[in-house]
Amino acid sequence: MKKSVFLGALAATTVLAGAAMSATLDDVKARGELICGSNTGLTGFGMPDANGNWVGFDVDLCRAVAAAVLGDPTKVKFVPTTGETRFTALASGEVDVLVRNSTWTFSRDVDLKLDFVAVNYYDGQGFMVKKDLGVTSAKELDGATVCIQTGTTTELNLADFFKFNNISYTPVTVQDDSEAQRQYLAGACDAYTTDASGLAAARATMADSENHIILPEIISKEPLGPVVRHGDNQWGDIVRWTFFALLIAEEKGITKANIEEVASSSTDPEVKRLLGLEGDMGKMFGLDNAWAKNAIAAGGNYGEIFEANIGSATPIGLARGLNALWTQGGLQYAPPLR
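The structure presented is a predicted model; accordingly, all values stated were derived computationally and were not measured.

Draft legend 1. Quick look at unusual backbone geometry. Here Lys 113, not a glycine, exhibits a phi torsion of approximately 60°, which is positive. Mapping Lys 113 onto the fold places it in the loop between helix 4 (106–110) and strand 6 (114–116). A positive phi angle, near 55°, is found at Asn 166, a position not held by glycine. Relative to the assigned elements, Asn 166 resides in the loop between helix 5 (153–164) and strand 10 (169–174). Asn 166 sits in the exposed class, given a relative accessible area of 71%.

Put into structure tokens, the structure is as follows:
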């Protein structure tokens, strides 16, 4: 009798767990649209262009997920979120996935019950000042006013840095990156601090960009990446492996332009699995076996997405650095697809 009760409870738990795991995927498929929480507007990473079309490094990852799940990278609705609203929007179900410059931390992972499924950009916090301030190091900012976005790790890191170096500052709090830039340019603060990539993106939009310098100190680790709700493991796997598929594609030399040629000629077993020619990788998490091929075809491999949006040839001009593939001395590394 006890065994029957136990098995019945176990079966019920399994059913409930299965329902929870597939909830987001089912919702996205039924809706026919992925809802992606994005930045309110960060050049190169996520913002609407002059025609209202969302573009950027993070945007292209959202489009890759839509292509993997729905077979169409255009079936995405972008919901702008601030530093203070982003995690609430995800936890409440307003968005299916959060892909904007959000740092993976212990408390966000554990206390907020969120899952950071990968790191799509390794970053660190820096400072930008006007050249005429005459400062060459963040340690020279004693007594400075600093523009800082609320509800972010940046705010906490700033306090730690000044305390550790026994110097003082006055925070000028803002709601988002756009306001921070406006306040900084208007002279409301001596320095502007955020992720170094965000500083480069902001400077690229300034009419007098040559008059602003990014100081050499990087004062934190900022692993940025896509976030999903805790407990929805199937959905987490889909977002995670869509990103990994873009990394594997770069490593294997598969591009948006040559993907069909590679699919018809490659003898590499992992490439065949990646492009849905062998095995049932997609079916393992409820997708078509062409999921990865569709994701790569949407905007290219990871390197293509990086270079097109924020790379050295763009106004932002970011080097790959830590975001190079592991084969090139970077940290970007995908587990084997097998």
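Right, picking up where we left off after that structure.
Draft legend 2. How the structure looks around helix 5. Between the first and last C-alpha of helix 5 there are 16 Å, a value that for 12 residues agrees with the 16 Å anticipated at 1.5 Å per step. Buried within helix 5 are the following residues: Thr 153, Thr 154, Asn 157, Leu 158, Phe 161 and Phe 162. Down the axis of helix 5, the buried side of the element spans an arc of 160°, and every buried residue falls inside it. Among the exposed residues of helix 5, those pointing more than 90 degrees away from its buried face are Leu 156, Asp 160 and Lys 163. Taken together, the buried residues of helix 5 touch helix 4, strand 8 (125–130), strand 9 (144–149), strand 10, strand 11 (191–195) and strand 13 (222–224).

What counts and how
- Residues numbered from 1 in each chain as written.
- Predicted model: local features only at pLDDT ≥ 70, side-chain atom pairs only at ≥ 80, totals over all residues.
- Heavy atoms only, no water.
- Helix = DSSP H or I, 4+ residues; strand = E, 2+ residues; numbered from the N terminus.
- Buried < 20%, exposed > 50% of the residue type's maximum accessible area, 1.4 Å probe, protein only.
- Expected span 1.5 Å × (residues − 1).
- Arc of directions from axis to C-beta.
- Contact = heavy atoms within 4.5 Å.

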